[in-house]
Protein chains: 2
Amino acid sequence: MNQIIVLRWGHRPQRDARLTTHVALAARALGATGMILSDIRDAKIKESVDKVIEQWGGGFFFEMGTSWKQIVREWKAKGGLIVHLTAYGENVETSDVMKKIKDSKRDVLIIVGSQKVPGEFFSEKVSDFNVAIGNQPHSECSSLAVFLDRFFEGRELKGSSENAKVRIIPQRRGKKITAEK
Amino acid sequence: MNQIIVLRWGHRPQRDARLTTHVALAARALGATGMILSDIRDAKIKESVDKVIEQWGGGFFFEMGTSWKQIVREWKAKGGLIVHLTAYGENVETSDVMKKIKDSKRDVLIIVGSQKVPGEFFSEKVSDFNVAIGNQPHSECSSLAVFLDRFFEGRELKGSSENAKVRIIPQRRGKKITAEK
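Residues numbered from 1 in each chain as written. Chains lettered and ligands numbered in written order. Predicted model: local features only at pLDDT ≥ 70, side-chain atom pairs only at ≥ 80, totals over all residues. Heavy atoms only, no water.

Some words on the pattern of salt bridges
In this structure the tally under the stated criterion is 24 salt bridges over all chains. Among the salt bridges present, the one from R172 of chain A reaches E90 of chain B, with a minimum N-O distance of 3.6 Å. One end of the pair, R172 of chain A, is in the loop between strand 7 (166-168) and strand 8 (177-179); the other, E90 of chain B, is in strand 4 (residues 81-91), on a second chain. Each member of the salt-bridge network shares a partner with another, and the members are R12 and D16 of chain A together with R18 of chain B. (Salt bridge = Lys/Arg side-chain N within 4 Å of Asp/Glu carboxyl O. Helix = DSSP H or I, 4+ residues; strand = E, 2+ residues; numbered from the N terminus.)

Describing the environment of V83 of chain A
Residues and elements named next belong to chain A. Relative to the assigned elements, V83 resides in strand 4 (residues 81-91). Sequence spacing of V83 and F121 is 38 residues, and the spatial spacing of their C-alpha atoms is 9.4 Å. Not counting residues up to four positions away in its chain, the partners in contact with V83 are I101, V108, L109, I110, I111, F129, V131 and F147. (Contact = heavy atoms within 4.5 Å.)

So, the pairing of strand 3 (residues 61-64) of chain A
Residues and elements named next belong to chain A. Burial along strand 3 is one-sided: F62 and M64 are buried, and none of F61 and E63, which face the opposite way, are. Note: strand 2 (residues 34-37) against strand 3, four bridges, orientation parallel. Of the residues in strand 3, the one forming a bridge with L37 is M64. Viewed along the sheet, the connection from strand 2 through helix 2 (residues 43-56) into strand 3 turns out right-handed. (Buried < 20%, exposed > 50% of the residue type's maximum accessible area, 1.4 Å probe, protein only. Pairing = 2+ DSSP bridges. Right-handed = clockwise from strand over helix to strand, strands pointing away.)

Considering the side chain of E90 of chain A
E90 of chain A gets classed as buried once you look at its relative accessible area, which sits at 10%. Residues contacting E90 of chain A, with those up to four places away along its chain left out, are S95, V97, F129, N130, V131 and A132 of chain A together with P170, Q171 and R172 of chain B.

Comments concerning the interface of chain A and chain B
Contacts between the two partners involve 61 residues from chain A, matched on the other side by 61 residues from chain B. Between chain A and chain B, a total of about 5000 Å² is buried, with carbon and sulfur atoms accounting for 57% of that surface. Of all residues in chain A, R18, Y88 and R173 of chain A give up the largest surface area on contact with chain B, accounting jointly for 15% of the area buried on that side. On inspection of chain A and its partner chain B, the count reaches six salt bridges. At the boundary of chain A with chain B, the tally comes to 25 residue pairs in polar contact (both at pLDDT 80 or more). Of all the secondary structure elements, the ones that give two or more residues to the side of chain A that touches chain B are helix 1 (17-29), helix 2, strand 4 and helix 5 (140-152) of chain A. Here the residues of the side of chain A that touches chain B are counted per class, giving 21 nonpolar, 20 polar and 20 charged. (Buried area = accessible area lost by both parts, 1.4 Å probe. Polar contact = N/O pair within 3.5 Å; in protein donor to acceptor, adjacent residues only side chain to side chain. Nonpolar A, V, L, I, M, F, W, Y, C, P; charged D, E, K, R; others polar.)

Here it is as structure tokens:
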């Protein structure tokens, strides 16, 4: 099973704080292995995400500070695939781009921007595929979610994580949580 | 084809501004007919969303200010179904809840909260179904995106909207936009 890691580019500490946190939690809940906040450090976000990991378990990692160029260089050197999520890219529904990504059987680095990205992201120097979750403007958080759900075909949603201190027992009505001692 | 309208509850003007905008744009791009920001008005968000609608077309509407109780009452009176998205609900992957919603052939009001929601949302007084996009914490933006993609089965991602002034022509590399005069 290939792994997915998310590279979050262009984070602006105040303005993007909550969105970047939501992107990280979506990445975790929808099956990614980890997220790297590139080119910047933001201790508050790391704290929020690590708190969720501690409570809810699983092997998700959150790293920050490394330059995107270094991440891309090292990822390519390891033989990984790079997907840039952008409204300008190949349409995930009407093209065969998702099939190509799955068929590659390679680990995937997904780049999501939070502001206008460098033109290089579209070029072969960086991305293997530019993928659009529809060619309309929406959100990196919603785009990433749909990409991951289609990539993992729902397997990512099935259970609770290993080492979880709290787990939800799904209910038709109300809330049920089990907490381990 | 049944319609989906999103009810965004609990919006806090400063704190949630960008997230609520992203939720609205995700709702629009992924096939919802409109979004109602309940119990509060936020002119800045309406302006952002209306600007996207004006440029990118389609029939999406953005309304605000009506109380959630009134929206729910009127929706039920019209025979509509109400789905509350919550991590505590029935798992969209492991239960048959999505099938039940589709099979109902009824229009759907989706409630997404941005903070802890009133307990009533879980009860029959409000919701017909409580649905979890996995039973892990993530984001209303990512949850809504996956729900809509699964509900519309990708049909929502196929084209551009009617009356669009700008349209993206999907590309493997780079950006291509057509702008109408």
